[in-house]
Structures are given as structure tokens and as C-alpha cells.
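Descriptive structure summary
Chain residues, written in single-letter form:
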Amino acid sequence: SLSKNTNQNINISNMNKKINSLDLMVTNDCNLSCCYCYHHFKKNYSKLKFKVMSKEVAKKSIDFLFNNSIPDQLCSIIFFGGEPLLNFSIIKFTVLYALKLFSKAGRKIEFSITTNGTLLNIRIINFLIKYNFSIMISSDGEPNTNHKYRSFKLFHKNNNYNLILQKILLLNKLRPVTMRATL
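Note that the structure is a prediction, hence the values are computed from the model and not measured.

So, about the side chain of T118. Topologically, T118 is positioned in the loop between β3 (109-115) and α3 (122-130). A polar contact of 2.7 Å, which involves the side chain of T118, links it to the side chain of N31. Leaving out residues up to four positions away in the same chain, T118 has contacts with N31, L32, F152, N160, L163, I164 and K167.

Residues I77, F79, I91 and F133 are the most contacted members of the largest nonpolar core, which totals 38 residues. Those elements giving two or more residues to this core turn out to be β1 (21-27), α1 (55-67), β2 (75-81), α2 (88-104), β3, α3, β4 (134-139) and α5 (160-174). With sequence-adjacent residues up to four places away left out, F133 is seen in contact with F79, I91, V95, F111, S112, I113, F127, L128 and R175.

A few words on α3. Inspection of α3 places I124, I125, F127 and L128 among the buried residues, and these make up the whole buried set. Buried residues of α3, seen end-on, are gathered within an arc of 160 degrees and therefore sit on one face of the element. Opposite the packed face of α3, turned more than 90 degrees from it, sit the exposed residues R123 and K130. Along its buried surface, α3 packs onto α2, β3, β4 and α5. Residue N121 occupies the N-cap position of α3, its side-chain oxygen lying 3.0 Å from the main-chain nitrogen of R123. Residue N132 follows α3 closely and has a positive phi angle near 55 degrees.

Compared with the 21 Å implied by 1.5 Å per residue over 15 residues, the 22 Å span of α5 between its first and last C-alpha is a close match. For α5, the set of buried residues is N160, Y161, I164, K167, I168 and L171. Axial view of α5: buried residues confined to an arc of 130 degrees, hence all on one face. Opposite its buried face, α5 presents the exposed residues Q166 and K173, each directed more than 90 degrees away. Next to the buried residues of α5 lie α3, β4, α4 (143-149) and β5 (178-181).

Rules of the game
- Residues numbered from 1 in each chain as written.
- Predicted model: local features only at pLDDT ≥ 70, side-chain atom pairs only at ≥ 80, totals over all residues.
- Heavy atoms only, no water.
- Helix = DSSP H or I, 4+ residues; strand = E, 2+ residues; numbered from the N terminus.
- Polar contact = N/O pair within 3.5 Å; in protein donor to acceptor, adjacent residues only side chain to side chain.
- Contact = heavy atoms within 4.5 Å.
- Core = buried A, V, L, I, M, F, W, Y, C linked by side-chain atoms within 4.5 Å.
- Buried < 20%, exposed > 50% of the residue type's maximum accessible area, 1.4 Å probe, protein only.
- Arc of directions from axis to C-beta.
- Expected span 1.5 Å × (residues − 1).

Structure, rendered in C-alpha cells:
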């Protein structure tokens, strides 16, 4: 685990530098309160500390991928969470830093994100398209099932299905979208 509190270097020389993908949990917080989420099964859920990835940890993570991957192979960075778009600023920072680092060395990198889709807006969509993200939106299926299991944390409403559908339709006009059924 890469933490801003550690000064130790990770040595994977015995792994023959075969890393080509990095999953970054940029936050463990979410704007939904799905009844099946692992957070609900922890004791003292209400006291759970939500965290977001810092620029320092993101930079160290990208450096780690760069230094421990095969130079002529495509590398991938996958953003997830919680709801990763709650920490969109770190996603932007990470993408720009990775592109600068990898392109300077003539290397290729790609990006993907798994999101619940509720925070997608035109600014975020344009960014994801500009940097050719593969986009996966999670869903619980048809409206009744979705309403039963997913609700917004703050609004205590189960009406996110239509909101997500509108955003998927907007996004799908611009690029293909992958769906992931949770249940």
C-alpha cells in the first residue's frame, strides 16, 4: 500500500516489472447509500472516516507504475471508489501527471473509471472524452430494483434511476458506455 506516511521504497525487481495496470481508489466516500455496500456491514458505520487520495499519493502511485512496468507495453489506470467523481480534482491531476510522464518517455497509457453516474456533468464528460476514458456506470437494473437498493445519502430518496439514465443517454451520444449490474 502506498501511503503518504511511508518513506520506504517498494522493490518489485523480483517480479520482472510485469505491472501494467493500476487501480486507484481516489475516495472511499460515496454520494449514494446502497443497502448492500460494504460500508453498511462495518461496525460503527456512522463513525467511518471517509478519505480522499492526496496529490502526493497519486503522484507516488503513477511513479510506481511508470518505474515498474514494461516500457513498450500499454499501461492502464483505473479510477474507482466509493464514488470516484467525488474526488474529480485528483482524477484530473493524476491524468495530467501520468500523460506528461508517460508521453515524455514515448510510452502509452489509458484510463478508465467506474462510477455510479450521478455526478456526471458536461465538464466531467468533456474531460473523460478528451482523455479517451473507458467509462463504466454501475446500476442495479430496471427502475424498481434500482429504487429498492440505491438511494442518495443526503436526500433519502430513491429516484436516482432517471437521473442516471439521462446522464447515460447524454454520454452515449458522445461515446460508448459500459454498464455494470450490481445485483
